[in-house]
Amino acid sequence: MDYEDFFQLGDRPFKSTLEGKFFYRGEVFSKLADLLSGPSLPGVLILKGAPGTGKSTFLKRLPQAVRDSASIAPVLSPGVGLADILREALNFLGLGFKCHPSAKEEALIGFFQNAADELVAGGRGLALAVDDAQNLGPETLADLVALTSLGPGWRGRVCLLLAGPADGWDAALQGPGTTVMETPPLSAGQTVEYLRFRLRAAGARREIFAAEAYTAVHTYTKGLPPKIDALADKALMAAWAAGKPLVTPGLVVQAKASLDNPLTVDDRAAKSAAGSGREHHAAGGRSWIFLTAAVLVAAAFVFLLWPAPPGDDPGASEAAAGEEEPEVQGPDLTPAADPSPGGTSLGLPYPPPALVRLPQSSQALIVELGQQMARLWQGGLAGPGLKAEIAAPDFKGPGLYLVGRPRGRAPVVFQYPPSDDVPREAGESLWRQVAPMLPQDVLPLMVASGDDLVRGVPGTARAALSELVDKWTRAQIEKKAGGMAELYAETFSFYEPGRRPLAITRRNFWQALEQETAAAGDVRLAISDPLVMLDPRDHDRAWAVFNLKYDSKIRHDAGLRTLIMERGRGGAWLIVAELWLKEDSLEN
């Protein structure tokens, strides 16, 4: 059992997701959507607010909210120049296939102008929505403002939406044609409304938080939805571990202690919750972890060799807020004493440091050899949280595996490095226990002994790994062949199960990507946030696992892309191999 079963919920209410049923519109988002759906759009619209108040989430939700009257082109990871911003906007509008990767700024402006003219002629508005606008230089901001007046009939129909913090980055943009909106934190009353909304969306049919617990959540989080999500999720887990049907202020205190001291917890409470003869099981039917990054043109060198395709920051869950009410003074929620060195009062286990990165709402299973036990971890805003503990068979040896069941077929097990000694029977047995808990068809699985997993990851190595993966993801989105090639070793291997590994050079890769881009035309790639883990036997080697869906005029494929990364000379991390597990080729 996990807390979803305990509270009779159909889903985790406070996970980070873009699912419509979990999106709390609030007053500010409703006003923003109404403004962009109206007959006349402002020339420049500035959305200001502190981090965590919902700006990025608004930009992601706007295209769906105003789809009947306007088109929104969100640029969520803007480059520093106008060309980068236009390229991402055109990709989102489905016009990226018209732009060659080396297209100059003038050509991109022309493509954007043509797109805007067509939309305006068809009676629709267009908003170019750029996040993190505070990072753009004055020249780029001026160029973006100038875009809104390129066409003679654009006045009131083409808008520039800039989102950024509440400081003075936008001072030069203030003028008669500028509208400013703010995203304040949630008030005390809105925090209660937000919590109840998310709980109902997950299937709650009764009150789960005591009235004083709502006040405690708001007091601790100051009305910031990402913090509310993290604290409320931990509070539900604390109530489940204690067997309490209602979240009380004391349980919120315990949850806050767990968030503040994530490295000092042990497994006493979790084992107590599971130890009365109950195995941890969870209801199926979770949401898919794919977060569609953008419409783009991307491909890989694989197509020169055999017919296989190339390999959201899903940011924190944010919500809209209206005008802030006066602060409500809550009870004294300070813990009576600091948590002991052995663990907090919540007592939940913490994942091994070899698990470098676990995306929010995604899951990973870690099996400890010789202990007949596996823990299923789920990513959250404040780090991975324990979803379930289950009985596990004894694997043959430490290693890294991909275990899963594609589209209802028999379970499959892939091992890295490739070996004939694959623990298939153990993997299939474990899969039967885990499958009902999973939101996806293929589960990244790490198998290792506890001793192999306790060594920590230096902060510099962790940051370098994340940077390498982020660069690879951006290169896929932006289809920059040269930049992508620089992420690989000078010569690296590409392999699939059952095929002999092939040696590829950076030049081979760059040429293949250029040719595939030209041949494939309009390409769409949905890519999940990656799971990143260190090899338990060699901390100079790591994995990054992505779910991908590739769609173009010449092929339609989905599957799992795995990057194998190694630390080279000077401590730099490079990609040395790739594994592509094609969905329709995954067989027992």
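## Section: unusual backbone geometry
Excluding glycine, most residues fall at negative phi; most peptide bonds, likewise, are trans.
Now for step 1: Although it is not a glycine, aspartate 132 sits at a positive phi angle of roughly 50°.
Now for step 2: Relative to the elements of secondary structure, aspartate 132 occurs in the loop between strand 3 (125–130) and helix 6 (138–147).
Now for step 3: Here aspartate 132 falls in the partly exposed class, since its relative accessible area comes to 31%.
Now for step 4: Of note in the backbone geometry, lysine 222 takes a positive phi value of approximately 55° without being a glycine.
Now for step 5: With respect to the secondary-structure elements, lysine 222 resides in the loop between helix 8 (211–221) and helix 9 (225–242).
Now for step 6: Accessibility expressed as a relative area gives 49% for lysine 222, which makes it partly exposed.

## Observations concerning the pattern of salt bridges
Now for step 1: If you walk through the whole model with that rule in mind, you get 15 salt bridges.
Now for step 2: When the shortest N-O distance is used, the salt bridge between aspartate 470 and arginine 357 registers 3.0 Å. In this pair, aspartate 470 is assigned in helix 14 (residues 459–478) and arginine 357 in strand 7 (residues 355–357), connecting sequence segments 113 residues apart.
Now for step 3: Residue arginine 541 is joined to glutamate 566 by a salt bridge in which the shortest nitrogen-to-oxygen separation is 1.8 Å. Of the two residues, arginine 541 sits in strand 18 (residues 538–551) while glutamate 566 sits in strand 19 (residues 556–567), which places them 25 residues apart along the sequence.

## Description of helix 5 (residues 105–121)
Now for step 1: The terminal C-alpha atoms of helix 5 lie 24 Å apart, and with 17 residues this matches the ideal 24 Å at 1.5 Å per residue to within 8%.
Now for step 2: Those residues of helix 5 hidden inside the fold are in contact with strand 2 (70–75), helix 4 (82–92), strand 3, helix 6 and strand 4 (158–164).
Now for step 3: Note on helix 5: the residue one or two positions beyond its end, glycine 123, has a positive phi of about 85°.

## Examining the pairing of strand 11 (residues 399–404)
Now for step 1: The buried fraction of strand 11 is high, at 6 of 6 residues.
Now for step 2: Because side chains alternate across strand 11, one face comprises the buried residues Gly399, Tyr401 and Val403, and the other comprises Leu400, Leu402 and Gly404, equally buried.
Now for step 3: Inspection of the sheet shows strand 11 paired to strand 12 (residues 412–416) by 5 bridges, in the antiparallel sense. Bridge assignment links tyrosine 401 to a residue of strand 12, and that residue is glutamine 415.

## Digging into the side chain of threonine 562
Now for step 1: If you trace the backbone, threonine 562 turns up in strand 19.
Now for step 2: Taking the relative accessible area as the measure of exposure, threonine 562 reaches 0% and is therefore buried.
Now for step 3: When sequence neighbours within four positions are dropped, the list of residues in contact with threonine 562 reads Leu402, Trp543, Ala544, Val545, Ala577, Glu578 and Leu579.

## Notes on the environment of alanine 89
Now for step 1: Mapped onto the elements, alanine 89 comes out in helix 4.
Now for step 2: We classify alanine 89 as buried; its relative accessible area is 0%.
Now for step 3: Once the C-alpha coordinates of alanine 89 and proline 78 are considered, the two residues, 11 residues apart in sequence, prove to be 9.6 Å apart.
Now for step 4: Excluding its chain neighbours within four sequence positions, the residues that come into contact with alanine 89 are Ala73, Val75 and Leu128.

## Considerations on the packing of helix 7 (residues 188–201) against helix 9
Now for step 1: In the contact formed by helix 7 and helix 9, the axes pass within 11 Å of each other and the chain directions differ by 60°. Classified by the interaxial angle, the pair formed by helix 7 and helix 9 is oblique. Two packed elements cross with a definite hand, and for helix 7 against helix 9 that hand is right-handed. For the pair helix 7 and helix 9, the contacting residues are Thr191, Tyr194, Leu195, Arg198 and Leu199 in the first and Pro225, Ile228, Asp229, Ala232 and Leu236 in the second.

## A word on the pairing of strand 20 (residues 573–582)
Consecutive side chains of a regular strand alternate in pointing toward one face of the sheet and then the other.
Now for step 1: Counting buried positions along strand 20 yields 9 of 10 residues, so the element is predominantly enclosed.
Now for step 2: Where strand 14 (residues 488–495) meets strand 20, 4 bridges bridge the pair, whose relative direction is parallel. From the neighbouring strand, phenylalanine 494 faces strand 20, where its bridge partner is glutamate 578.
Now for step 3: Summarising the sheet, strand 19 and strand 20 pair through 9 bridges and their orientation is antiparallel.

## Concerning the environment of glutamine 8
Now for step 1: On the secondary structure map, glutamine 8 appears in the loop between helix 1 (3–6) and helix 2 (26–37).
Now for step 2: For the pair glutamine 8 and arginine 206, spaced 198 residues apart in sequence, the C-alpha separation works out to 9.7 Å.
Now for step 3: Leaving out residues up to four positions away in the same chain, glutamine 8 has contacts with Gly203 and Arg205.

## Focus: the sheet that holds strand 2
Now for step 1: An order of 2-3-4-1-5 is seen for the 5 strands of this open sheet, with the pairing classed as parallel. Of all the strands in the sheet, the pair left with one neighbour each is strand 2 and strand 5 (178–182). Taking the axes of each pair of neighbouring strands and ignoring which way they run, one obtains an average angle of 20° across the sheet.
Now for step 2: Relative to strand 4, strand 1 (residues 44–48) is paired through 5 bridges, and the arrangement is parallel. Following the sheet pairing, valine 44 is matched in strand 4 by leucine 160.
Now for step 3: Most of the contacts of helix 2 go to strand 5, to which it runs at about 155°, and overall it touches strand 1, strand 2, strand 3, strand 4 and strand 5.
Now for step 4: This element, helix 4, spans strand 2 and strand 3 of the sheet and lies at about 135° to strand 2.

## A short note on the packing of helix 8 against helix 10 (residues 249–260)
Now for step 1: Viewed as axis vectors pointing N to C, helix 8 and helix 10 meet at an angle of 30°, and their least axial separation amounts to 8 Å. Regarding the angle of helix 8 to helix 10, the classification is roughly parallel. The interaxial crossing formed by helix 8 with helix 10 has right-handed handedness. On helix 10, the residues touching Glu212, Ala213, Ala216, Val217 and Tyr220 of helix 8 are Pro249, Val252, Val253 and Lys256.

## Topic: the confidence of the model for the chain
Now for step 1: Within the chain, residue pLDDT values average 75, and 76% of them lie at 70 or more.
Now for step 2: Segment residues 263–347 is flagged for pLDDT under 50; beyond a separation of four residues in sequence, or across chains, it makes 261 contacts in the model.

## Brief notes about the packing of aromatic side chains
Now for step 1: In this structure the tally under the stated criterion is 10 aromatic pairs.
Now for step 2: When the centroid spacing of 4.8 Å and the interplanar angle of 85° are considered together, the rings of phenylalanine 23 and phenylalanine 29 count as edge-to-face. One exposure class covers both phenylalanine 23 and phenylalanine 29, and it is buried.

## Some points on the environment of glycine 243
Now for step 1: Residue position: glycine 243 is located in the loop between helix 9 and helix 10.
Now for step 2: Looking at glycine 243, the relative accessible area reads 43%, which means it is partly exposed.
Now for step 3: Sequence separation between glycine 243 and tyrosine 3 is 240 residues, and the spatial gap between their C-alpha atoms is 9.7 Å.

Conventions adopted
- Residues numbered from 1 in each chain as written.
- Predicted model: local features only at pLDDT ≥ 70, side-chain atom pairs only at ≥ 80, totals over all residues.
- Heavy atoms only, no water.
- Helix = DSSP H or I, 4+ residues; strand = E, 2+ residues; numbered from the N terminus.
- Buried < 20%, exposed > 50% of the residue type's maximum accessible area, 1.4 Å probe, protein only.
- Salt bridge = Lys/Arg side-chain N within 4 Å of Asp/Glu carboxyl O.
- Expected span 1.5 Å × (residues − 1).
- Contact = heavy atoms within 4.5 Å.
- Pairing = 2+ DSSP bridges.
- Axes fitted to C-alpha atoms, helices over the stretch in contact; angles between N-to-C directions.
- Parallel < 35°, antiparallel > 145°, perpendicular 65-115°, else oblique.
- Left-handed = near helix turned anticlockwise from the far one by under 90°.
- pLDDT = per-residue confidence, 0-100.
- Phe/Tyr/Trp six-rings, centres within 6.5 Å; stacked < 30°, edge-to-face > 60°.

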